[in-house]
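# Structural overview
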Amino acid sequence: MQGMPDPDADLATYYDRHAALRNTRSLTPHRVEAREWFVRLLKREHRHSLMELGCGTGVEGLAFVQAGLHYTGVDLSPESIHVARAHGLDCSVANGRSLPFPDGAFDAAWSMSTLLHVPNSSIHDVVRELVRVTAAGAPIGVGLWSGDDEEVLNPEDLDEPRRFFSRRSDQTLQRIFGEHGSVEHFQTWPEGTGEESGPGAGNWAQHYQFLVLRTPSPKRTPAPK
């Protein structure tokens, strides 16, 4: 409908404006531990390539490259991609609903604090794309801030446009991802304070959710009788 806000365009505008600041923001210890655990998982399974949806300025991309992985990142924000490329990362502007990669292009995927910006009306489209570009039987690591299954604008954003959030309960999150594969790992940790606080300016009761979705294994062709 004409005049309706475009969440993707609004997000790109917000993160373009804040790209320089986000490039200097450190990750919480829980986030670092989750990434390092995921890297160990990939190495045990002899997986060498990874695609990150919502790569931002490349903070985690650099860590994946330093861990020896072939890294590709995508983000809605052109300015964030500009910063990431300045770090030498292979990144491009793209929308999670239509990723510019062939089927099964990557050994694994990663998306932290990104899919909470995707409304329920299109979350399955984005998860389906993540599964499509990732190899069969591969792990996809996802992190989100929880909520009470509500879709709202962030009250801490002082400038327009404000960021859209879909705040999903643990049960809803696992149900959504379970429709696209097997949720083989799920954990949560409490919201911290200061640098470890989440969005919402203290107005939201929340915790962080981290899961690993295992994409469906390839279908076996029955042996001829």
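Everything that follows concerns the structure shown earlier in this document.
Residues numbered from 1 in each chain as written. Predicted model: local features only at pLDDT ≥ 70, side-chain atom pairs only at ≥ 80, totals over all residues. Heavy atoms only, no water.

## Examining the environment of Cys91
Counted only if it meets this: Here a strand is any run of E in DSSP of at least two residues, a helix any run of H or I of at least four, and the numbering for each starts at the N terminus. By definition, residues are in contact when any of their heavy atoms lie within 4.5 Å.
Counting through the fold element by element, Cys91 comes out in strand E3 (residues 91–93). When the C-alpha positions of Cys91 and Phe38 are compared, they lie 20 Å apart, and in sequence the two are 53 residues distant. Setting aside its immediate chain neighbours within four residues, Cys91 contacts Cys55, Tyr71, Gly73, Ile81, Ala84 and Arg85.

## Digging into the side chain of Ser49
Inclusion rule: Buried means the residue's accessible area, taken with a 1.4 Å probe over protein chains only, is under 20% of the maximum for its type, while exposed means over 50%, and partly exposed covers the values in between.
Note that Ser49 resides in strand E1 (residues 49–53). Classification of Ser49 as buried rests on a relative accessible area of 9%. Every residue in contact with Ser49, bar those within four places of it in the chain, is listed here: His70, Ala105, Phe106, Asp107 and Ala108.

## Describing helix H3 (residues 59–66)
Rules: Along the arc lie the directions from the helix axis toward the C-beta atoms.
Of all the residues in H3, the buried ones are Glu60, Gly61, Ala63 and Phe64. Angularly, the buried residues of H3 cover 160° about the axis, an arc narrow enough to put them on a single face. Where H3 is buried, its residues touch helix H2 (29–44), E1, strand E2 (70–75) and strand E4 (108–112). In the segment just after H3, Gly68 is the residue with positive phi, at about 95°.

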